[in-house]
Amino acid sequence: MNDASPIDRTECAELVEASLLAVLHVGCGAPNPAKLPANVFPAGLWREVRLDIDPEVMPDIEASITDMPMVPTDSIDAVWSAHNLEHLFPHEVPLALAEFFRVLKPGGFALVTMPDLQQVAELVAAGVLEGPAYMSALGPIAPLDMLYGFRPALAEGNVFMGHKTGFIATTLSAHFETAGFTAIDVQRDGQFALWGKGVKPV
């Protein structure tokens, strides 16, 4: 049902119930099945429900990640959010994680990824700020981009790409714990990304 109009709560429930396992892709961006990590969400077992604040990307649900009233409580098997929490102000992060927790079924899990500011800081301390740290599909990514947002996107007027906060492994783990998650696992992948997972208790 990929249209730009927000769906109501009943339509959202029907969308979720259409699949055995539903993953709410929060901050989904433009449609692209490759954005779901295949090792976590194998094709044929998961139904992607796309949520984004930007109507231009035609999400199933148009909403902010800090307020998702159209998504029923205890209705989603997993939440997947890649490179979104750093776009919030620090005081908004608990609101987003509380929403992730609310919409998950008991036993469901949230999986997030974002820049590892500890590794970024190591490059900055070594004198590398604007030079490339790695190459992405969008082009070179510098420590400055990971700290404040991808500069080419910002220059094009995409204000959603600005970074307002950041995380290291211990702070991300603490945020998950405060939100009520258990079985928390936060990993540094050594490629400038943090991966965090938490389970909603049964």
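In the block above lies the structure referred to throughout.
1. Observations regarding the sheet that holds strand S9 (residues 193-199)
So, step 1. Pairing is mixed across the open sheet formed by 7 strands, whose spatial order is S3-S2-S1-S4-S5-S9-S8. Strands with a single pairing partner mark the edges of an open sheet, and in this sheet they are strand S3 (61-62) and strand S8 (182-188).
So, step 2. Where strand S2 (residues 47-52) meets S3, 2 bridges bridge the pair, whose relative direction is parallel. Counted as the bridge partner of Asp52 is Glu62 from S3.
So, step 3. Along the sheet, helix H2 (residues 93-103) contacts strand S1 (22-26), strand S4 (76-82) and strand S5 (104-115); its crossing angle with S5, the most-contacted strand, is approximately 145°.
So, step 4. Here helix H6 (residues 169-179) sits on the sheet and contacts S5, S8 and S9; the angle it forms with S8, its principal contact strand, is near 160°.

2. Structural notes on the pairing of S2
So, step 1. Across 5 bridges, S1 lies against S2 in parallel orientation. Residue pairing across strands places Val23 opposite Glu48, the latter belonging to S2.

3. Some points on the pattern of salt bridges
So, step 1. Evaluated as defined, the whole model comprises 5 salt bridges.
So, step 2. Residues Lys200 and Asp74 are paired through a salt bridge, measuring 2.5 Å at the closest nitrogen-oxygen approach. Taken as a pair, Lys200 in the segment after S9 and Asp74 in the loop between S3 and S4 lie far apart in primary sequence, 126 residues in all.
So, step 3. Judged by its relative accessible area of 9%, Lys200 is buried.
So, step 4. Take Asp74: its relative accessible area is 40%, and that puts it in the partly exposed class.

4. Overview of the environment of Lys105
So, step 1. Looking at the element boundaries, Lys105 is found in strand S5.
So, step 2. Classification of Lys105 by relative accessible area gives partly exposed; the value is 30%.
So, step 3. Residue contacts for Lys105: discarding those within four places in its chain leaves Asp74, Ser75, Ile76, Asp77 and Lys200.
So, step 4. A polar side-chain atom of Lys105 sits 3.3 Å from a polar atom in the side chain of Asp77.

Conventions adopted
- Residues numbered from 1 in each chain as written.
- Predicted model: local features only at pLDDT ≥ 70, side-chain atom pairs only at ≥ 80, totals over all residues.
- Heavy atoms only, no water.
- Pairing = 2+ DSSP bridges.
- Helix = DSSP H or I, 4+ residues; strand = E, 2+ residues; numbered from the N terminus.
- Contact = heavy atoms within 4.5 Å.
- Axes fitted to C-alpha atoms, helices over the stretch in contact; angles between N-to-C directions.
- Salt bridge = Lys/Arg side-chain N within 4 Å of Asp/Glu carboxyl O.
- Buried < 20%, exposed > 50% of the residue type's maximum accessible area, 1.4 Å probe, protein only.
- Polar contact = N/O pair within 3.5 Å; in protein donor to acceptor, adjacent residues only side chain to side chain.

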